[in-house]
Amino acid sequence: MATPLIELCDIRKVYGGVDSPRVEVLRGISLSIHPGEFVAIVGASGSGKSTLMNILGCLDRPTSGNYRFAGRDVAELDSDELAWLRREAFGFVFQGYHLIPSGSAQENVEMPAIYAGTPPAERHARARALLERLGLASRTGNRPHQLSGGQQQRVSIARALMNGGHIILADEPTGALDSHSGAEVMTLLDELASQGHVIILITHDREVAARAQRIIEVRDGEVVSDSPSQPSADIPRQLQADDLRQRLDRGATQRGAWKGELVESLQAAWRVMWINRFRTALTLLGIIIGVASVVVMLAVGEGSKRQVMAQMAAFGSNILYLNGKHSSEELMGIVTLDDVDAIGELPQVKRVMPVIGDKLMVRHGNKGEQFYVGGNNTWFPEIFNWPVVEGSFYSEADEANGAAVAVIGQKVRDKMFGPGSNPLGQYLLIGNVPFQVIGVLQGKGASSGSEDSDERVVVPYSAASIRLFGSRDPEYVTIAAQDSSRVKETEQAIERLMLQRHQGKNDFVLTNDAALIQAEARTQNSLSLMLGAIAAISLLVGGIGVMNIMLMTVRERTREIGIRMATGARQRDILRQFLTEAVMLSMVGGVTGIVLALAIGASLLLADIAVAFALPAILGAFACAVITGVVFGFMPARKAARLDPVKALTSE
Ligand code: ADP
Ligand code: MG
C-alpha cells in the first residue's frame, strides 16, 4: 500500500504538571489515514477529540509519540514548514467558525491565499467562485456578524478550500447549527469527500459520524474501535501522499507575494485604527505634538535666520562700527574726525565714513513726518551697496562745501511727494533748513527693529554736522574692511590704532554685524536645542503610546492571530502585520503633526513672525515618527508572532 498521508504512533498529550494537576488527555493514539478517506472521529465530550485534531492539523505538538505527515516526521519541521502545511495541505472548519470579525466574507475566504502569495485577481475570482458554490454569492461583502451561523460555517468551509484544502479537518462543524443548516454542511462535506478531499470529521454525534466511511471511536484519550478503512478506488484526481510530500519539500521555502500581503496588512491596519479611532487619536497625541513642535520650531528658527541673513546681505558683511563709550563716566570717549582719517590710512580698511544722525521732522508743503536723517560722506552708496536710482548722489565738492542737498529713500519720496512722482530739484525742510533733493535711493525692503531702511534721508556729513546737529565729531564711524573674510583682523588693527591714539584708554566700542549675528545665532541654537529636547520627549511619549496601543491590540486580537496562523500565516507574516499597524499608526500621527505644524506656521506668518519651512526638516520629523513606530511597535509585534497557534485560537 502507498505511504499514508497521516500516521500517528503512540501519540500522548499531557496538560499541566508544574503548577496545575497533571492530565493525560491523549494516551497513546496510533492510527493512519490514507488519501481518499472520509474519517469520523467520534467520542464523548472531553474524550480528547479536539486535542487530537489540533495535533493532526499541526496547530499543537504532542507531548510524546511520533507523527508522520506523508512520510515526514512533523517534529522535525520548522515553523515555516508547519505554516505551509496549515496553509496548503489542511483546511480547518471549527465549531465556532473562527472568522475574523473585522473582515468581510470575501476577505475571510481570501486570507489563506494571501499568505500563499496568490495574485489578487486570481484570489478574488476564486473566493467569489467558492462563495457562489456554497450559496453565498449575495453575501460576499457581509461581515461575520451580519451572517447566520450556517452561513458563517459555509464561509469557513470556503476558506478551508481556498488553497485546495486537501485534508479538511472539521471539529464539530455542525455543533452550533440548527438541524437544517447542519444537514446542509454535512451534504457539503459528503460532496467534498466524493471530489477527492480527505475529510476528518470530529463529532460527539454517532448519527453525524455515520455519514463517514470509517469511524474511529475515542474514549478517555484512547482509540477503542476503528472500522476498517475502505477508501473508494474510483475517486477522481486522487491525491497521493508522495505528491504532497514533494510539494512540502519544495514549497515551504516559497515566499508569499509581499505586495499582496502588504496591501492586506495596510487595509487591516486601517480598519482596526478606524474602528478604534477615538482611542487611536488620543494615543497619537504624543507623536502629533512631537512632530508638530519639531517642524514649527525649525521653521521659526530658519525664518529668523533667513531674516538676519537677508539683512546682512542687504548691508554687507564686511562692515564695522566704531563709537565712543557712553556707558561709564570715567571712560567717556569721543571718536574724532582725526581718528577717522587715521583709520582710513590702515591697509586693512577699504572705506571709512563718519556718521551723525537722528530722527528729525521733515516737511514738504503741508506734509510733515519724522525720518532718520543721517550725515554721511560720499562712500555711502559703495559701503552699503546701495545705489541711487533717480538723480545722483552728492559729490566730493558738495561734501567739501557743506551743500544743503539730500538723497532720499523710496518711502520718504512716496510719503512726501507721492508714490512714483519726481522729487528731483524740489526742497525738503529738515529741521527748518531747506535741502534740495538730488537723488532717490534704491528700495531695500529691509528693516531692523522698528526702523525701515527706506525711510531715511541722506545728506553730506559736513552739512549735517554744521547745519543740523551743530557738532563736528561723528556719532559713530562706519568702516568697510578690505576683505569680508578678515573682519576679525581689521578689528584688531583698528583697536590697536585707537588705543595708541587715545593714550591706551579703551574708551571706544567696536562692533560688527557678523559678531552680532553670531551672538544671535548662538542664543537661537541653544533655544532650538531646548525645544528639540521637548520635541524628543514628546516623540518618546508618543512611542510609548504606540507600544501601549499595540500591546492592547495584540491582547484583544489574540484569537484573530490564532485564526491567521491556522490558515497558514507564518510568524513573519504576523510580525509584519503588526509592525505595519504600528508604522501606519505613527505615520498617521506624523502626517497629522505636519499638517498641524503648517497650520501653526500659517497663523505665525499672519502674526508677522518669520517662518521658513524646510523640506528636510519636515521629512526628518516624519522619518522620526516612522522610526518611533518601528522601534516601539517591534516588541508587541514580536509578541504576537510568537504566540502558540492553539493557545491563541482558544483564547477568549
Ligand atoms: P473534546 O474535544 O473531545 O471534547 P478536548 O480535546 O477539548 O475534548 O479536551 C479533552 C480534555 O483535555 C478535557 O478534559 C479538557 O479539560 C482537557 N484540556 C483541554 N485543553 C486543555 C488545556 N489547555 N489545559 C488543560 N486541560 C485541557
Ligand atoms: Mg472538542
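Whatever comes next refers back to the structure up there.
Residues numbered from 1 in each chain as written. Chains lettered and ligands numbered in written order. Predicted model: local features only at pLDDT ≥ 70, side-chain atom pairs only at ≥ 80, totals over all residues. Heavy atoms only, no water.

Draft legend 1. Examining the pattern of salt bridges more closely. Using the criterion set out here, one finds 28 salt bridges in the structure. For D190, the salt bridge identified is with R211, shortest N-O distance 2.8 Å. Of this pair, D190 sits in helix α6 (residues 179-194) while R211 sits in the loop between α7 (206-209) and β9 (214-219), and the two are 21 residues apart along the sequence. What makes D190 partly exposed here is its relative accessible area of 25%. (Salt bridge = Lys/Arg side-chain N within 4 Å of Asp/Glu carboxyl O. Helix = DSSP H or I, 4+ residues; strand = E, 2+ residues; numbered from the N terminus. Buried < 20%, exposed > 50% of the residue type's maximum accessible area, 1.4 Å probe, protein only.)

Draft legend 2. The nonpolar core, seen in detail. Formed by 82 residues in total, the largest nonpolar core has its most connected members in I6, Y67, F69 and F90. At 10 residues, helix α10 (residues 277-315) tops the list of elements feeding residues into this core. Lining this core are residues from two domains, each supplying at least three of them: domain 1 (6-256) and domain 2 (268-309 + 520-649). If sequence neighbours within four positions are ignored, Y67 has contacts with I6, E7, L8, I11, I55, L56, C58, R72, D73, V74 and F90. (Core = buried A, V, L, I, M, F, W, Y, C linked by side-chain atoms within 4.5 Å. Domains from an automatic or database assignment. Contact = heavy atoms within 4.5 Å.)

Draft legend 3. Seen up close, the pairing of strand β20 (residues 456-460). Most of β20 is tucked away: five of the five residues are buried. Pairing geometry for strand β13 (residues 367-376) and β20, over five bridges, is parallel. Along β20, the bridge assignment pairs V373 with V457. Summarising the sheet, strand β15 (residues 405-408) and β20 pair through two bridges and their orientation is antiparallel. Bridge pairing in β20 places I408 opposite V457. (Pairing = 2+ DSSP bridges.)

Draft legend 4. Inspection of the site of ligand 1 at higher detail. What surrounds ligand 1 is the set Y15, V25, A44, S45, G46, S47, G48, K49, S50 and T51. Protein contacts shield 56% of the accessible area of ligand 1, which totals 560 Å² for the unbound molecule. The element that contributes the greatest number of residues to the shell around ligand 1 is helix α1 (residues 49-56), accounting for three residues. Here the shell around ligand 1 is built from residues that sort into three nonpolar, six polar and one charged. (Near = heavy atom within 4 Å. Areas by Shrake-Rupley, 256 points an atom, 1.4 Å probe, with all protein chains shown as cover. Nonpolar A, V, L, I, M, F, W, Y, C, P; charged D, E, K, R; others polar.)

Draft legend 5. A look at the environment of P21. With respect to the secondary-structure elements, P21 resides in the loop between β1 (6-15) and β2 (23-33). Exposure remark for P21: the relative accessible area of 66% places this residue in the exposed category. Each C-alpha atom of the pair P21 and N432 lies 110 Å from the other, and the pair is 411 residues apart in sequence. Each residue touching P21, except ones within four places of it in the same chain, is listed here: Y15 and G16.

Draft legend 6. View of the sheet that holds strand β5 (residues 72-73). Strand order in the open sheet formed by four strands is β2-β1-β4-β5, with antiparallel pairing between adjacent strands. Either end of the sheet is taken by a strand with one partner, and the two such strands are β2 and β5. Of the strand pairs in this sheet, strand β4 (residues 64-69) and β5 are connected by two bridges, and their pairing is antiparallel. The residue of β5 that forms the bridge with R68 is D73.

Draft legend 7. Region of the structure containing unusual backbone geometry. Even without a glycine there, the phi angle at H98 is positive, about 55 degrees. Summarising the element assignment, H98 is placed in the loop between β6 (90-93) and α3 (105-116). With relative accessibility at 12%, the residue H98 sits in the buried group. Its identity as a non-glycine residue notwithstanding, D220 has a phi of 50 degrees, on the positive side.

Draft legend 8. Region of the structure containing α6. Compared with an ideal rise of 1.5 Å per residue, which puts 16 residues at 22 Å, α6 spans 22 Å between its outermost C-alpha atoms and is within 8% of the ideal. Along α6, the residues classified as buried are S181, G182, V185, M186, L188, L189, L192 and A193. Seen end-on, α6 carries its buried residues on one side only, within an arc spanning 155 degrees. Exposed residues on α6 whose side chains face more than 90 degrees from its buried face are S179 and H180. For α6, the elements touching its buried residues are β3 (38-42), α4 (120-133), α5 (149-161), β7 (167-171), β8 (198-203) and α7. Following α6 by one or two positions, G196 adopts a phi angle in the positive range, close to 110 degrees. (Expected span 1.5 Å × (residues − 1). Arc of directions from axis to C-beta.)

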